[in-house]
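Architecture and fold: a report
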Amino acid sequence: MIEVKNLVKRYGSHTAVDHLSFTVEKGQIYGFLGPNGAGKSTTMNIMTGYLAPTEGEVRINGIDLLEEPDEAKKYIGYLPEMPPLYPEMTVWEYMEFCAELKKIPRKKRREEILSAMELTKLEDRKNSLIRNLSKGYKQRVGLAQAVLGLPEIIILDEPTVGLDPMQIIEIRDLIRSLAKNHTILLSSHILSEVSAVCDKIMIISQGKLVANDTPQRLEQTMKGVATLNLEIRADKKAVQRQLQSIRGIRHLSVKEGEEEGTVFVTIEEEGEEDIREALFYACANAKMPILSMQSVKATLEDVFLELTSETKKEDQRVEESPQEASPEEFKETEAMEEEEDVRDL
Amino acid sequence: MFAIYKREVKSYFDTMIGWVFIAFLMVVTGIYMYVYNFYYGFPYFGYTLYGIEFLYMIFIPILTMRSMAEERKGKTDQLLLTSPVSATQIVLGKFFAMATVLALALVPFFFTPILISSYGNGSYLIDYSTMLTFFLLGCVYIGIGMLISSLTESQIIAAVGTFVVLLLLHLWPSLMNLLPTSSASTAIGMALLLALVCLVLHSMTKNIILALGVGIIGILAIVISYLTQAEWMDGGLVTLMSQLELAAVLTDAGYNYILDVSGLILYLSLIFLMIFVTVQMMCKRRWS
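Report follows, based on the coordinates.

**Here's the deal with the overall build of chain A**
Broken down by element type, chain A carries twelve helices and 14 strands. Of the contacts formed within chain A by residues at least 6 apart in sequence, a portion of 68% connects residues at least 24 apart. Per element, the accessible surface of chain A, about 16,700 Å² overall, is 47% carbon and sulfur.

**Points about the packing of helix α3 (residues 91–101) of chain A against helix α1 (residues 2–14) of chain B**
Their axes nearest at 8 Å, the elements α3 of chain A and α1 of chain B cross at an angle of 155 degrees. What the angle tells us is that α3 of chain A and α1 of chain B run roughly antiparallel. α3 of chain A and α1 of chain B meet at a crossing whose hand is left-handed. Contacts from Glu93, Phe97, Glu100 and Leu101 of chain A in α3 of chain A reach Phe2, Ala3, Ile4, Lys6, Arg7, Lys10 and Asp14 of chain B in α1 of chain B. Classifying every residue of the contact of α3 of chain A with α1 of chain B gives five nonpolar, no polar and six charged.

**Examining helix α4 (residues 106–119) of chain A**
Residues and elements named next belong to chain A. For α4, with 14 residues, the first-to-last C-alpha span of 21 Å sits near the 20 Å given by 1.5 Å per residue. The inward-facing, buried residues of α4 abut α3 and α5 (135–147). Following α4 by one or two positions, Lys121 adopts a phi angle in the positive range, close to 55 degrees.

**Describing the interface of chain B and chain A**
Note: interface size is frequently given as the accessible area lost on complex formation between the parts. At the junction of the two partners, chain B supplies 25 residues and chain A supplies 29 residues. Of the roughly 2,600 Å² buried between chain B and chain A, counting both surfaces, carbon and sulfur atoms make up 59%. By the criterion of area lost to chain A, the three top residues of chain B are Arg7, Leu79 and Pro84 of chain B, representing 27% of everything that side buries. Linking chain B to chain A there are three salt bridges. In this structure, the salt-bridge partner of Lys10 of chain B is Glu93 of chain A, at a minimum N-O distance of 2.9 Å. Element by element, the count of residues in the side of chain B that touches chain A is highest for α1 of chain B, at eight residues. A per-class count over the side of chain B that touches chain A returns nine nonpolar, eight polar and eight charged.

**Some details on the sheet that holds strand β8 (residues 183–188) of chain A**
Residues and elements named next belong to chain A. Taking strand neighbours across the sheet as the criterion, the six strands line up as β6-β7-β8-β3-β9-β10 in an open arrangement whose pairing is mixed. Among the strands making up the open sheet, the edge pair consists of β6 (76–79) and β10 (208–213). Averaged over neighbouring strand pairs, the angle between their axes works out to 15 degrees when direction is ignored. Bridging between strand β3 (residues 29–33) and β8 involves five bridges; their strand directions are parallel.

**Section: the environment of Met57 of chain B**
All names here are of chain B. Topologically, Met57 is positioned in helix α4 (residues 55–73). We classify Met57 as buried; its relative accessible area is 12%. Here the alpha-carbon distance between Met57 and Leu169, two residues 112 residues apart in the chain, equals 9.1 Å. When neighbours within four sequence positions are excluded, Met57 is seen to be in contact with Phe163, Leu166, Leu167 and His170.

**Overview of the environment of Leu246 of chain B**
All names here are of chain B. Mapped onto the secondary structure, Leu246 falls in the loop between α12 (236–242) and α13 (247–254). Take Leu246: its relative accessible area is 3%, and that puts it in the buried class. Along the backbone, Leu246 and Leu264 are 18 residues apart, and their C-alpha atoms lie at a distance of 9.8 Å. Filtering out sequence-adjacent residues up to four positions away, Leu246 remains in contact with Leu137, Val140, Tyr141, Leu169, Leu266, Tyr267 and Leu270.

How each quantity is defined
- Residues numbered from 1 in each chain as written.
- Chains lettered and ligands numbered in written order.
- Predicted model: local features only at pLDDT ≥ 70, side-chain atom pairs only at ≥ 80, totals over all residues.
- Heavy atoms only, no water.
- Helix = DSSP H or I, 4+ residues; strand = E, 2+ residues; numbered from the N terminus.
- Contact = heavy atoms within 4.5 Å.
- Areas by Shrake-Rupley, 256 points an atom, 1.4 Å probe, with all protein chains shown as cover.
- Axes fitted to C-alpha atoms, helices over the stretch in contact; angles between N-to-C directions.
- Parallel < 35°, antiparallel > 145°, perpendicular 65-115°, else oblique.
- Left-handed = near helix turned anticlockwise from the far one by under 90°.
- Nonpolar A, V, L, I, M, F, W, Y, C, P; charged D, E, K, R; others polar.
- Expected span 1.5 Å × (residues − 1).
- Buried area = accessible area lost by both parts, 1.4 Å probe.
- Salt bridge = Lys/Arg side-chain N within 4 Å of Asp/Glu carboxyl O.
- Pairing = 2+ DSSP bridges.
- Buried < 20%, exposed > 50% of the residue type's maximum accessible area, 1.4 Å probe, protein only.

Below you can see the structure in the form of structure tokens.
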């Protein structure tokens, strides 16, 4: 288990990691989520001993990383952003070198190397020069090195970058199978991957920890501003008049619909009440057929975007928003924009 | 440490660097040996070694340039520093690997004294002790090269930097002749050296009080010595700087037939110092 307390890393006047505190417990998969430059890799580098923090402490199984680095590092397997490979070595030579570095007892080395290569499907490349491998295979070698000896704690920095979809699925399965007996911490900015694989998610933005919870609970925290999208065959004004009186609506917007004679209605709910029945009866009584009603639940992406953009606004810095957006339907995208507008007020 | 040592030695011979280093060193030494020992009939191989000292200037940078710089560039230092090995073990492993390559290049030289003796009267004592001196001097230079390599990510800068430093060391005796020996010049020279030391101290410790403190004490010492006309001020600068004449030990062994044991100890201390500072450089990078 890893405990991080009040971690700070400053480069001159720039604070890369700002008072980060969290605990990573055994038997779970943790995800580090954050925009580029948020401090994920820096934090991981500090946790594995590559960098030293400006302030704060890291404890691996109770051992202080700065006081007894050799002891603490024995428990960690690390795959950095760029796999640390020696191009002139063959895969087998490299694995032997890593096994010796990690102080795996001589008798068990061959066995451990073979099992690590089996897990990452490298057996048929064991005599290839690393320089001649494709990016995907290089990534696999890096991963094999990280799981070599099956250390208690495995830290992976963007493990699936550069892999083809088949390999990504294999790596995810590998991670899931390892999670039973190990602690795994992986970082990514592919939201779908993190929410599919991780038990707990930590969102980092601008060096600060803005969320630390299970994906389900994170999505629930957005429930308060759930949105309903309706398509109603009726006149715009009539709809507005009819629906305004319903309780529990924070914000109502009516637009011209796709088909003729229909309107798109976006309702932001307020409070916990389910207003769908009230809407149904209101429309039915006014003879306004509801062609579709859709509940838009907040997804992890919404949580992520909100939390990271809030931190951005706080720091008043201009940065690019994260690019990973799974294809969404038009309506849901609209709903999202409406959500954000309302929140600005 | 042993893992790193093995890997480095293997790497020197998997890539061409180790072979090239040994081959060229042997070719040039062979030519010198032929000319000195067999053509002109000089009986001591030690003299040849004294003559080829300049080769270190060219070949040591080739050997050492990639030792630290490449690790940083290829990010493989991330692997090393996140494994349960200390920075000291990493540096030691690399140093011994390079010393091994040098030693392997010198192995053929073991036979030359025997060869010479079969033709006339050689001296095993002179030859083998000069060989030891030569090897240790090479190790000091390797240490310097490794330190310079640890300061940069570019192998080229490391190579050129090492070359310049070794060239300066090679020319040191001639440079010493140019230095003035008067009292006043000694005072000024010492003050300049002191300023340099304080600058380095400040940049390493960022402690201005320490740097200023050392500077003030130093200046006082110099001024007092100058005013009281202390003996050591006369030609003192030259005496001080001459301590750095590393190749002098080799000259003593190969040219004057004197084995300067204190010189060998100087070599060992310098090797230790270079390794120590390199380890500090490695650790320093973690913190900034």
